[in-house]
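# Working through the structure, step by step
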Amino acid sequence: MRILITGTTGFVGHKLKAWYTDAIAAPSLRNATQDMVKKIVEESEADVVIHTAAISDIGTCQKDPQSSYFANVQIPMYLANACKDSNRKLICFSSDQVYSACEDDGPYTEENVKPGNIYAAHKLEMEKRVLDILPSAVMLRAEWMYDYYEKRSNYLMMILNAIHTQDSVSFSSKQFRGITYLKEVAENMDKVILLPGGAYNFGSETTQSIYEVTNKFVDMLGKRLIVKDAPARHNLWMDCSKARKYGVEFSSVIDGLERCARDYKLYKRIV
């Protein structure tokens, strides 16, 4: 099975490229046209295209909605057309932000969506437009992901850096949100490739607030860190049972953090 991965210089893409060592790294799709994307897909001879490239910073998307639309909606549509023409499987990373303005507290199933910012609105539009073109495509509503990766800020690096600098962090005891170990994302991709077309909540589940999770993680590491209780924020709390029915399994949030700490020997690394 040949795999083409977009965004291999990014946080998710670099991990998937390391996992699938024989995968083909797509060139940058910035300013790409439909013809250019079709040529990239066809010349790769890939059976599966995993699309991770995006403008994912919410603030950047708010300031420049035109660029956000091109990167987060138009490019995936180009890929969908290219994959439809050649009968290839397409997997696109979406976001838990599609639940950012839901009126109830969650956990949210795939049918209950309401975006609360431009990035989220574009991700939801991307899902709908891609699936209209290519119903077999898989949309992964990914959570906030973490890994030991110094090139980009993520939950893990935020905690480790705060411990190292003796700073504090702030999370709300009223906000429930899954956070996911990036290694487990890579481990699940073989099963993701086999999923029927549609949108799937994708990541670790939790019954604890992110404030509680952070305090437990810091205690687990045996370190001291001031975790402030921030004002309440909207939940991004997903029910991932739809994907789990097809064998897509993640550790719980706290078990995933414990596994990550063991994998990277974080108990010894932090001084």
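The sections below set out a description of the structure shown in this document. (Residues numbered from 1 in each chain as written. Predicted model: local features only at pLDDT ≥ 70, side-chain atom pairs only at ≥ 80, totals over all residues. Heavy atoms only, no water.)

## Comments concerning the sheet that holds strand 4 (residues 89-95)
What counts is decided by this rule: Note: two strands are recorded as paired if DSSP finds a minimum of 2 bridges between them. Only runs of H or I of at least four residues qualify as helices and only runs of E of at least two qualify as strands under DSSP, and these elements are numbered from the N terminus. Residue contacts are counted whenever heavy atoms from the two residues lie within 4.5 Å of one another. Note on definitions: angles span 0 to 180 degrees between N-to-C directions of axes, and those axes are lines fitted to C-alpha atoms, for helices only across the stretch in contact.
Across the sheet, six strands lie side by side as 2-1-3-4-5-9; this open sheet has parallel pairing. Of all the strands in the sheet, just strand 2 (24-25) and strand 9 (198-202) have a single pairing partner and so form its edges. Examined bridge by bridge, strand 1 (residues 3-6) and strand 3 (residues 48-51) share four bridges and lie parallel to one another. In the sheet register, I5 faces strand 3, and the bridge partner there is I50. The sheet strands contacting helix 1 (residues 11-19) are strand 1, strand 2, strand 3 and strand 4, and the helix crosses strand 1 at an angle near 155 degrees.

## Observations regarding the pattern of salt bridges
The test is simple: A side-chain nitrogen of Lys or Arg and a carboxyl oxygen of Asp or Glu constitute a salt bridge if their distance falls within 4 Å. Exposure is judged per residue with a 1.4 Å probe applied to protein chains only, and the accessible area is read against the type maximum: over 50% gives exposed, under 20% gives buried, and values in between give partly exposed.
All chains considered together, the criterion is met by 12 salt bridges. The salt bridge partner of D263 is K183, with a shortest N-O separation of 3.5 Å. Of this pair, D263 sits in helix 11 (residues 253-263) while K183 sits in helix 7 (residues 182-187), and the two are 80 residues apart along the sequence. We classify D263 as partly exposed; its relative accessible area is 33%. Since its relative accessible area comes to 25%, K183 is described here as partly exposed.

## Thoughts on the packing of aromatic side chains
The condition is simple: Side-chain rings of Phe, Tyr and Trp (the six-membered ring for Trp) are treated as a pair once their centres are within 6.5 Å; stacked means planes under 30 degrees apart, edge-to-face means over 60, and tilted covers the remaining angles. Any Lys NZ or Arg CZ found within 6 Å of a ring centre and within 35 degrees of that ring's normal is scored as a charge over the ring.
Taken as a whole, this structure holds 13 aromatic pairs when the rule is applied. Plain terms: the ring middles of W144 and Y155 are 5.6 Å apart, the flat faces sit at 80 degrees to each other, and that makes the pair edge-to-face. Of the two residues, W144 is situated in strand 6 (residues 144-146) and Y155 in helix 6 (residues 155-165); the sequence distance between them amounts to 11 residues. What makes Y155 buried here is its relative accessible area of 0%. Geometrically, the ring pair formed by Y146 and Y181 is stacked, given 5.7 Å between the ring centres and 10 degrees between the ring planes. Here Y146, found in strand 6, pairs with Y181, found in strand 8 (residues 179-181); they are 35 residues apart in sequence, far enough to count as distant. For Y146, a relative accessible area of 1% translates into the label buried. Using a relative accessible area of 1% as the deciding quantity, one classes Y181 as buried. Clustering of aromatic rings is evident, with ring pairs tying together W144, Y146, Y155, F171 and Y181. Over the face of the ring belonging to Y200 we find K242, whose NZ or CZ atom lies 4.6 Å from the ring centre.

## Focus on the pairing of strand 7 (residues 168-171)
Burial along strand 7 is one-sided: V169 and F171 are buried, while S168 and S170, pointing the other way, are not. Two elements, strand 7 and strand 10 (residues 226-229), share four bridges in a ladder whose sense is parallel. Bridge assignment links F171 to a residue of strand 10, and that residue is D229.

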